[in-house]
Amino acid sequence: MQLKRVVITGIGAVSPLGIGCESLFDGLADMRSAVVSTRNEWQHYKNLRSLIAAPAPDLNEREIPRQNRRSMSRMSFFGYDAAKQALADAFEGSVATALGHFEQGRMGCIIGSTTGSPIALNETFEIM
């Protein structure tokens, strides 16, 4: 197998510490916690022992075309925003230039998440 070189040219983040890598890195460096009590919001879940969370901030979902947005979870919105940040970082703010590179097949985007969409998981368990 022949290995090919991979170069990371742009990064983006949506985290409980804020939107953007700078917010994330600053929060980590300052040892800030984003954990909050969810006692009031999660009271209706029966037998839930943990009433704390580290929620990510809300995003402007309307940036995404409606026909795409309808089938996306909140986690997908985070991935979209982080990918957009990474493209802007890689191409000095020009997302349009980056999209041309995707079409040529010479670029990819890797997105990571801890659990995926909790709402989708909850809906799945309610169906079962």
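Here goes a summary of the coordinates provided. (Residues numbered from 1 in each chain as written. Predicted model: local features only at pLDDT ≥ 70, side-chain atom pairs only at ≥ 80, totals over all residues. Heavy atoms only, no water.)

### Some remarks on the pattern of salt bridges
A side chain with one charge may pair with a side chain of the opposite charge, provided their charged atoms come close. In this structure the tally under the stated criterion is three salt bridges. Its salt-bridge partner being Arg74, residue Asp58 comes within 2.9 Å of it at the nearest N-O pair. Taken together, the residues span a long stretch of sequence, with Asp58 in the loop between strand E4 (52-53) and helix H2 (66-69) and Arg74 in helix H3 (residues 74-90) at a distance of 16 residues. Residue classification places Asp58 among the exposed positions, given a relative accessible area of 64%. Between Glu63 and Lys84 there is a salt bridge, and its shortest N-O distance comes to 2.6 Å. Here Lys84 lies in helix H3 and Glu63 lies in the loop between E4 and H2, a separation of 21 residues in the sequence. Judged by relative accessible area, which is 30%, Lys84 ranks as partly exposed. (Salt bridge = Lys/Arg side-chain N within 4 Å of Asp/Glu carboxyl O. Helix = DSSP H or I, 4+ residues; strand = E, 2+ residues; numbered from the N terminus. Buried < 20%, exposed > 50% of the residue type's maximum accessible area, 1.4 Å probe, protein only.)

### Description of the nonpolar core
Judged by nonpolar contacts, Val14, Ala56, Leu59, Ile64, Phe77, Phe78 and Ala82 together constitute the single largest core of seven residues. Not counting residues up to four positions away in its chain, the partners in contact with Val14 are Ala56, Leu59, Phe78, Asp81, Ala82 and Gln85. (Core = buried A, V, L, I, M, F, W, Y, C linked by side-chain atoms within 4.5 Å. Contact = heavy atoms within 4.5 Å.)

### Some details on the environment of Val7
Turning to its location among the elements, Val7 is positioned in the segment before strand E1 (14-15). Overall, Val7 belongs to the exposed group, its relative accessible area being 58%. Distance in space between the C-alpha atoms of Val7 and Gly112 is 17 Å, their sequence separation being 105 residues.

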